[in-house]
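Notes for the structure review
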Amino acid sequence: MRTDRALFAAVRALPHMAITKRDGEYRVSYRLASITRADQGKHDADWRRDHAERVAYYTTDREDAAATALSLSAQMVRFLDRIAESEAGR
């Protein structure tokens, strides 16, 4: 990734991913809507916000941020697919 603009576009295009930058540091995390979906109503909104922070990844490197977002996105896709398969089998 050569620019922040390209990084942000790439990460936001991934399923379930969010990215911000503050003081030169990127924060890659799941979107709250994705955490809510995965949580299946087991916890309240405060827990989900706390969870988003606990799983957030911080880095100053664009390539690292992009690779991490790709990996996290794939994990969430697999997890939500398993939930959907389980619900379909009920």
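Please refer to the structure placed before this passage.
These lines cover the structure that appears in this document, whether it is placed above or below. Keep in mind that what you see is a predicted model, and the values were worked out from it rather than measured. (Residues numbered from 1 in each chain as written. Predicted model: local features only at pLDDT ≥ 70, side-chain atom pairs only at ≥ 80, totals over all residues. Heavy atoms only, no water.)

Scanning the chain for helices and strands turns up four helices and three strands. Secondary structure of the chain in N-to-C order comes out as α-β-β-α-α-β-α. Seen through its C-alpha atoms, the chain measures out along the principal axes to roughly 45 × 25 × 15 Å. Expressed as a percentage of the 90 residues in the chain, the buried residues total 31%. Put simply, 55% of the contacts in the chain that link residues at least 6 apart link residues at least 24 apart. Positive and negative side-chain charges of the chain, numbering 16 and 14 respectively, have mean locations separated by a distance of 4 Å. (Helix = DSSP H or I, 4+ residues; strand = E, 2+ residues; numbered from the N terminus. Buried < 20%, exposed > 50% of the residue type's maximum accessible area, 1.4 Å probe, protein only. Contact = heavy atoms within 4.5 Å. Lys, Arg positive; Asp, Glu negative; His and termini not counted. Charge placed at Lys NZ, Arg CZ, Asp CG, Glu CD.)

Evaluated as defined, the whole model comprises six salt bridges. One salt bridge in this structure joins Arg48 and Asp39, with 3.5 Å as the shortest N-O distance. Asp39 carries the same exposure label as Arg48, and that label is buried. If you follow the salt bridges from partner to partner, you end up with Asp4, Lys21 and Arg62 in one network. (Salt bridge = Lys/Arg side-chain N within 4 Å of Asp/Glu carboxyl O.)

Considering the arrangement of structural elements, one finds Met1 in the segment before α1 (4-13). A C-alpha to C-alpha distance of 19 Å links Met1 and Asp23, two positions 22 residues apart in sequence. Met1 has contacts with Ala6, Leu7, Ala10, Arg62, Glu63 and Ala66, leaving out every residue within four places of it along the chain.

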